[in-house]
Amino acid sequence: METKKKYVRPIISKQQTGMMNKFGKAPLMTVMNSIDNVQVDAIVSKFGTPLFVISENRIRTIQKDALRVFSTRYPKVQFAWSYKTNYLDAVCSVFHQEKSWAEVVSEFEYDKAKRLGVAGKNIIFNGPDKSVEALKKAINDGANIHIDHYDELYRIVEISEAINRTARVALRINMDIGVYPKWDRFGFNYENGEALDAIKRIIISKNVKLVGLHTHIGTYMLSTNAYRIAASKMTSLYKNIKSEFELNLEYIDLGGGFASKNTLHAQYLDASGIVPTFEDYADAITAGIFEHNLKAHELPLLILETGRALVDEAGYLLARVIANKRLSNGRRAVVLDAGVNLLFTSFWYKHKISPTQFYGEYSEDSVVYGNLCMNIDVIRDGIQLPPIPVGDIVVIQNVGAYNMTQWMQFISLRPKVVMIMEDGALEVIRDNETLEYIAQLEKVPSKLKLKGY
Ligand SMILES: *Cc1c(COP(=O)(O)O)cnc(C)c1O
């Protein structure tokens, strides 16, 4: 007779990151002591910490690579730099020198691009909030205005008639691309016919010229098939407009959203192995366009507004260890002199953090905190780090996207940003803030002035 098996209570045990576990082994820790052949120690002794560092060479290399990959698959390609990803003047200038237009989502960004010398015709004006003044400016400059909603469409019709100028517009389209939740809060819907209705409304107005179609399907999109679907639906609409209204649009704009090499909190393995390459995205997008059998001369210009995938890898944050401690459960904690106010992206990315020297084979599961007096100030949870003495430097990698636009001036001043130029020279491209810089906007009503307090 068989004996009944003894009941064993199920146990849920935590998968330690870094250790060998059922998913495999997490990436090994690497030492990083130089950026573009410039010693990190030399950079820090000149400029202190925390410090953002941007590599001119990396930006150019990645942008050239992306342009090459798309241009070898499609005859007419134009990149437009997404300002909100990083709108430091020097960074935008590198992209413009690499032949990118400007893609802006607010009047502030629009003005910033103009101030840098970008011509209106090379500006794409996106976003849900464009004031009458901003629209007037954009119409006069001949910029490409991407309409987000009907109220904006009517406003453009009105303004362009009032000032008797032709507005160049494209329609932002949202659509079902098989990725959920759907991004349907921007633009006009494809499937329910709203987009086509808006197009008809534009075509009957004499001062508004429809020049393109735009979509931005999401961000950090790992699905290349979503881009194939989007490109196909956009091309289908482009073709319909041509046959139904005898209107030849100039371009289709597939927006941004390619994933960068950063790993999301929800991903166990390192993103560098799973993120699609520019080749993968380009194959998908051009397949979606080519399936409509347009003749070579009928193909629209393909615009791409790639943001994070072009600049993330060009940015570094250098920070100093200010304390090592043990939490009540014995876990190791490292405190840095840079917090989440500077590194907004640590809320969704497991940023790679490297020491600048080899401290021996021993490493330990650690949590890395910033210097804010707030519980949410966690730069990185669950990272294998060696014991790094107080005062030593770490390099936080792939931080070029969104941090230098979303950073907050909170309890301390924002640090310098330095660019390593192609020849190895170090140039300050944004100075550190000072108390005077912050205080200049403040005013104290006279009855509140302290006298000899
Ligand atoms: C933010 C944004 C981009 C850039 O997105 P990434 O995910 O960084 O590539 C491009 N186009 C529009 C309209 C955007 O809002």
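Residues numbered from 1 in each chain as written. Predicted model: local features only at pLDDT ≥ 70, side-chain atom pairs only at ≥ 80, totals over all residues. Heavy atoms only, no water.

### Quick look at the overall build of the protein
Heads up, the condition is: Numbering of helices and strands starts at the N terminus; helices are DSSP runs of H or I of at least 4 residues and strands are runs of E of at least 2. Only protein chains enter the area calculation, which uses a 1.4 Å probe; residues under 20% of their type maximum are buried, those over 50% are exposed, and those in between are partly exposed. A 1.4 Å probe and the Shrake-Rupley method give the accessible areas. Residues count as covered only by the protein chains that appear here.
A tally of regular secondary structure across the protein gives 12 helices and 20 strands. Counting only C-alpha atoms, the protein reaches 95 × 70 × 50 Å along its principal axes. For the protein, the residues scored as buried account for 51% of the 453 residues in total. Accessible area of the protein: about 22000 Å², with a carbon and sulfur share of 54%.

### With respect to the site of the ligand
Note the cut-off: Residues are classed as near a molecule or strand on a simple rule: at least one heavy atom within 4 Å of it. Whenever two N or O atoms come within 3.5 Å, that pair is a polar contact, provided that in protein one can donate a hydrogen and the other can accept it, and provided that, for residues adjacent in sequence, both atoms are side-chain atoms. A cavity here means a set of 1 Å grid points, computed over protein atoms only, where a 1.4 Å probe fits but cannot escape. A pocket is an open set with protein on both sides within 12 Å along at least 5 of 7 lines, and lining residues have an atom within 4 Å of a point. For a cavity or pocket, the test is whether more than half of a molecule's atoms lie within 2 Å of its grid points; if they do, the molecule sits there. When residues are grouped by polarity, Ala, Val, Leu, Ile, Met, Phe, Trp, Tyr, Cys and Pro land in nonpolar, Asp, Glu, Lys and Arg in charged, and all others, Gly among them, in polar.
The environment of the ligand is formed by 16 residues, the closest being Lys84, Thr219, Gly257, Glu305 and Tyr402. Between an oxygen atom of the ligand and a main-chain N or O atom of Gly307, the distance comes to 2.8 Å. Tyr402 is positioned with one of its side-chain polar atoms (N or O) 2.6 Å from an oxygen atom of the ligand. Out of a free accessible area of 390 Å², the ligand has 94% covered by protein chains. Counting atoms within 2 Å of the grid points, the majority share of the ligand lands in the second largest pocket. Grouping the amino acids of the shell around the ligand by side-chain chemistry returns one nonpolar, 10 polar and five charged.

### Some details on the side chain of Thr405
This is how it is decided: By definition, residues are in contact when any of their heavy atoms lie within 4.5 Å.
If you trace the backbone, Thr405 turns up in helix H11 (residues 403-406). Within the structure, the side chain of Thr405 is placed 2.8 Å from the backbone oxygen of Lys84, a separation counted as a polar contact. Dropping the residues within four chain positions of it, Thr405 is found in contact with Tyr83, Lys84, Thr85, Asn86 and Tyr87.

### A closer look at the pattern of salt bridges
Formally: In what follows, salt bridge is the name for a side-chain nitrogen of Lys or Arg lying within 4 Å of a carboxyl oxygen of Asp or Glu.
With the rule as written, the count across this model stands at 25 salt bridges. Across the pair Glu98 and Arg60 runs a salt bridge whose closest N-O atoms are separated by 2.9 Å. Residue Glu98 is found in the loop between helix H3 (89-97) and strand E5 (101-104), and its partner Arg60 is found in helix H2 (residues 56-71); the two are separated by 38 residues along the sequence. Across the pair, exposure class does not vary: Glu98 and Arg60 are buried alike. Note that Arg168 and Glu250 form a salt bridge whose closest N and O atoms lie 2.8 Å from each other. Within this pair, whereas Arg168 is found in strand E8 (residues 167-174), its partner Glu250 is found in the loop between helix H8 (224-245) and strand E11 (251-253), the two being separated by 82 residues in sequence. When its relative accessible area of 22% is taken as the criterion, Arg168 is described as partly exposed. Among the charged side chains, a salt-bridge network with shared partners connects Glu56, Arg60, Lys64, Glu98 and Glu422.

### With respect to the packing of aromatic side chains
A ring pair, where both rings are aromatic, is described by two values, the distance of the centres and the angle of the planes. The following threshold applies: A pair of Phe, Tyr and Trp rings is counted when the ring centres sit within 6.5 Å of each other, with Trp represented by its six-membered ring. The angle between the planes then sorts it: under 30 degrees is stacked, over 60 is edge-to-face, the rest tilted. The criterion is that NZ of a Lys, or CZ of an Arg, lies within 6 Å of the ring centre and within 35 degrees of the ring normal, and then a charge sits over that ring.
A full pass over the atoms with the stated rule returns 17 aromatic pairs. Grouped by ring-pair contacts, the aromatic residues Phe70, Phe79, Tyr227, Phe258, Phe278 and Tyr281 constitute a single cluster. Above the plane of the ring of Phe125 lies Lys130, whose end atom (NZ or CZ) is 5.6 Å from the centre.

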